[in-house]
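Each chain, letter by letter, is given below.
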Amino acid sequence: MKQKMRIFQKWTLASILLTALLLLTTGTAQAGNNDFRLERLCNYESGCSGAEAIADFKSLSRAYGSLLAPMHFQPASTLGQAGFEIAAEAKLAFALGDDTFWRAINKNTDATPDADGKYSSPDMFSTIQLHMRKGLPFSLEVEGVFNWLAQSEMFYVGAGLRWAITEGWWFLPDLSVRGHVGTIVGASQLSLININVDFALSYTWGLGGIASITPYAGYSLLNIHTSSRPLVIQGQASDEPFEAVFGGQWQHLSRAFLGVQLQGDFFVFAVEGEYGTNVASVGAKIGATF
């Protein structure tokens, strides 16, 4: 009877998390201030091939690739061969700074730049994410993520594989390496692929046999590949519109993260901070483990 009650509690919590995420995203994913039009970075003289336009495209791509990339939100240890976890996660990102490339976002459609030609960035970006993890034999683990950038039509879908190298090695901390690949959905003009490799270190302490606490830290190398689909550029009054594109660009960003996870019999809670190129993020997760 007790075992059945625990299973019921786990599935109830998982259902609540999934329902809450669906309610938050259904009907709210519409064009908003954080969406963009890439043709605003180009002009009728050089199309999208000018040095300033290319630099702005790279900066915009770097910003959105970093903003939509999921936070780590897991210690270096795995869930075990039979383990499964589903969690809802939220991230707040700050301090990207004003720049010329922000003229592309809807927030600045009718805005005027400052004396340096820079446009204001949003004060804060937020994402809501569904994160699923499944343990495998040999200290391996697979994951899937699905998140939404608030005030936009953009979603991120990704999957990863992680190996806990030192899991179960006597008193040594757990060390893991993870590979993750994801892409943006809903940005009709932008093709973006994230390829992420990170390393994490953690150590778990038991709390009276009813819960455990696990601080963790690590380093992440985020590789972003972006290009644009054909863009329609308006000519001068007497000229016809024409098409132009931004070619493929690779960018590499370093990020460091620090977090702590509290895990009970059927629940898990974590908070995490992340610092990377031009952006700092904080986040929290709540989930159910099986």
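Residues numbered from 1 in each chain as written. Predicted model: local features only at pLDDT ≥ 70, side-chain atom pairs only at ≥ 80, totals over all residues. Heavy atoms only, no water.

This part covers the state of the cysteines. Across all of its chains, the model carries one disulfide by this definition. A sulfur-sulfur separation of 2.1 Å characterises the disulfide bridge that pairs C42 with C48. Judged by the torsion about the S-S bond (100°), the C42/C48 disulfide is right-handed. (Disulfide = S-S within 2.5 Å.)

In this structure, D198 sits in strand β6 (residues 190-202). Since its relative accessible area comes to 1%, D198 is described here as buried. Spatially, the C-alpha atom of D198 lies 8.3 Å from that of S176, the residues being 22 residues apart in sequence. Setting aside residues up to four positions removed in sequence, D198 forms contacts with H72, S176, V177, R178, Y219, S220 and F257. Among the polar contacts made by the side chain of D198, one reaches the side chain of R178 at a distance of 2.6 Å. Engagement of the side chain of D198 in a polar contact is seen with the side chain of N196, the distance being 3.1 Å. (Helix = DSSP H or I, 4+ residues; strand = E, 2+ residues; numbered from the N terminus. Buried < 20%, exposed > 50% of the residue type's maximum accessible area, 1.4 Å probe, protein only. Contact = heavy atoms within 4.5 Å. Polar contact = N/O pair within 3.5 Å; in protein donor to acceptor, adjacent residues only side chain to side chain.)

Here the focus is unusual backbone geometry. Positioned with a positive phi, F138 is a non-glycine residue whose angle comes to about 65°. For F138, the position within the fold is in the loop between β2 (125-136) and β3 (140-149). Since its relative accessible area comes to 75%, F138 is described here as exposed. Of note, Q151 is a non-glycine position whose phi angle comes to about 60°, a positive value.

On to the nonpolar core. Formed by 37 residues in total, the largest nonpolar core has its most connected members in F36, L38, Y64, W102 and F246. At the level of elements, α2 (51-68), β3, β6, β8 (211-228) and β9 (231-233) are the ones that each hand at least two residues to this core. Here this core gets seven residues from one element, more than from any other, and that element is α2. What Y64 contacts, discounting residues up to four positions off in sequence, is N34, F36, W102, I105, F125, L149, M154 and L192. By size, the runner-up hydrophobic cluster in this structure holds seven residues, among which are M71, F73, Y216 and A270. (Core = buried A, V, L, I, M, F, W, Y, C linked by side-chain atoms within 4.5 Å.)

In this section: the confidence of the model for the protein. Mean pLDDT for the protein: 86, with 88% of residues reaching 70 or above. Predicted confidence for residues 7-29 stays below pLDDT 50, and this span has 33 contacts to residues more than four positions away or in other chains. (pLDDT = per-residue confidence, 0-100.)

According to the stated counting rule, one finds 10 aromatic pairs in the structure shown. Ring geometry for F84 and F290: centres 5.9 Å apart, planes at 45°, overall tilted. One end of the pair, F84, is in strand β1 (residues 84-94); the other, F290, is in the segment after β13 (279-289), and 206 residues separate them in sequence. Of the residues examined, F84 reaches a relative accessible area of 27% and is grouped as partly exposed. The class of F290 is partly exposed, set by a relative accessible area of 27%. Pairwise contacts between aromatic rings join F36, Y64, F101, W102 and F125 into one cluster. (Phe/Tyr/Trp six-rings, centres within 6.5 Å; stacked < 30°, edge-to-face > 60°.)

It is worth spelling out the pairing of β6 at this point. Of the two faces of β6, the one holding L190, L192, N194, N196, D198, A200 and S202 is buried and the one holding S191, I193, I195, V197, F199 and L201 is not buried anywhere. Bridge count between strand β5 (residues 174-185) and β6: 10 bridges; the pairing is antiparallel. In the sheet register, D174 faces β6, and the bridge partner there is S202. Linking β5 to β6, which pair antiparallel, is a turn of four residues; within it G186 sits at a positive phi near 105°. (Pairing = 2+ DSSP bridges.)

The side-chain alternation of β5 yields one buried face, formed by D174, S176, R178, H180, G182 and I184, and one unburied face, formed by L175, V177, G179, V181, T183 and V185. Bridge analysis of strand β4 (residues 155-164) against β5 gives 10 bridges, and the strand direction is antiparallel. Paired with Y156 across the strands is I184, a residue of β5.

Let's shift gears to the side chain of Q129. Along the chain, Q129 turns up in strand β2. Side chain to side chain, Q129 and E89 meet in a polar contact 2.5 Å long. Within polar-contact distance, the side chain of Q129 engages the side chain of N147 at 3.0 Å.

Moving on: the side chain of S77. Here S77 lies in the loop between α2 and β1. You can call S77 buried: its relative accessible area is 14%. Beyond its immediate sequence surroundings of up to four residues, S77 is in contact with R133, R162, E167, D174, S202 and T204.

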